[in-house]
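# Architecture and fold: a report
Letter by letter, the chains look like this.
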Amino acid sequence: MEMSHRSGTAEGGGSFRQEEPASPLMGNQVPTHRTSPATGALRYDAAPEQSAIAVLAVLMRKHLILGWRRKRFVGAATRVVFMVAVPLLVWFLQPPKDRENVRGGLAAMVLPILGAMFIIAMFTQFVVEVVTDKELKMRYVQQVAGVSNAVYWWSYYLFYFILTGFAILLYLACTKWIAPIYRYSDSFLMFLSFAAAFLQTFFLCMMVATVFSRARMAGVICSMMGAMTVGVFYAL
């Protein structure tokens, strides 16, 4: 990390040096080095106060850049297309005059199951995202840099909301406009329902991510447990 150095004289005759890091997480400057006149040992001033909004903005930029490079949005779109492929295929294979006959079955039976699987798939993807951050030690690096737990998780929630919001809009576009299976359902209420479900899975992700240290294992276990949960729920 490139730093600029400034030297001077501290009160009491001690020398000090100020360093201005390039990282925005550290504020405008790092703690000042001072030499004690009595012992000659280095003393450090308190760390500068950090703006939570500025740190949050930096973390959000990091999440969005990594999410784009890791193709998280492409993965979300792929999951949506996979979940709605069968209902759309059934819908368009029917003659236009017979589509009303299959609307009830698709809306009441097929799409709710696929919607639950869609939520679990997005949850699994996000668990992998958080565990990957921990596996690469980036979480600990950010904590050392002064990122609080509140800002850390708020940044992840905002990123999760953006990712899932994009997926929800794509899901609604497929089931309300491309194939109007949910023609008589309110789009805003459906969005709120999915958003509430994803909010629950976010808090679940916060707990589950503490158990795993490997992203691959986290993805496999969460996928298996999610599939079993959906299967048992609808079987009963």
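Cut-offs used in this document
- Residues numbered from 1 in each chain as written.
- Predicted model: local features only at pLDDT ≥ 70, side-chain atom pairs only at ≥ 80, totals over all residues.
- Heavy atoms only, no water.
- Helix = DSSP H or I, 4+ residues; strand = E, 2+ residues; numbered from the N terminus.
- Contact = heavy atoms within 4.5 Å.
- UniProt positions renumbered as here; feature names shortened; annotations may be inferred.
- Disulfide = S-S within 2.5 Å.
- Expected span 1.5 Å × (residues − 1).
- Buried < 20%, exposed > 50% of the residue type's maximum accessible area, 1.4 Å probe, protein only.
- Arc of directions from axis to C-beta.
- Patch = residues over 30% accessible without salt bridge, like charges linked within 9 Å, V, L, I, M, F, W, Y side chains within 5 Å.
- Areas by Shrake-Rupley, 256 points an atom, 1.4 Å probe, with all protein chains shown as cover.
- Salt bridge = Lys/Arg side-chain N within 4 Å of Asp/Glu carboxyl O.

- The chain carries the name ABC-2 type transporter transmembrane domain-containing protein in an unreviewed UniProt entry, which gives Alexandrium monilatum as its organism.

### Notes on the side chain of histidine 63
- With respect to the element layout, histidine 63 can be found in helix α1 (residues 52-69).
- Beyond its immediate sequence surroundings of up to four residues, histidine 63 is in contact with Ser155, Tyr156 and Phe159.

### Some remarks on the UniProt feature "transmembrane region" (unreviewed entry) in the chain
- According to UniProt, the feature "transmembrane region" (unreviewed entry) maps to residues 73-93, 105-128, 157-179, 191-212 and 218-235 in the numbering used here.
- Helix makes up 82% of residues 191-212 and strand 0%, with an end-to-end C-alpha separation of 31 Å.

### Here we look at the state of the cysteines
- Applying the stated criterion to the full structure yields 0 disulfides.
- Between cysteine 205, a free cysteine, and cysteine 222, which holds the nearest cysteine sulfur, the sulfur-to-sulfur gap is 7.9 Å.

### Notes on helix α7 (residues 215-235)
- Between its terminal C-alpha atoms α7 stretches 30 Å, which fits the 30 Å expected from 21 residues at 1.5 Å a residue.
- Among all positions of α7, only Ala215, Ala218, Gly219, Cys222, Gly226 and Val230 are buried. Down the axis of α7, the smallest arc covering the buried residues is 95°, so these residues share one side. Set apart from the buried face of α7 by more than 90 degrees, the exposed residues are Arg216, Ala227, Met228 and Ala235.
- Buried-residue contacts for α7 involve α3 (99-135) and α6 (187-208).

### Quick look at the environment of leucine 158
- One can find leucine 158 in helix α5 (residues 149-178).
- For the pair formed by leucine 158 and leucine 56, sequence separation is 102 residues and the distance between their alpha carbons is 9.7 Å.
- In this structure leucine 158 touches Leu56 and Met60, once residues within four positions along its chain are discounted.

### Observations concerning a nonpolar patch on the surface
- A surface patch of nonpolar side chains, about 570 Å² in accessible area, is lined by Met217, Val220, Ile221, Met224, Met225 and Met228.
- Here methionine 225 is to be found in helix α7.
- Exposure remark for methionine 225: the relative accessible area of 47% places this residue in the partly exposed category.

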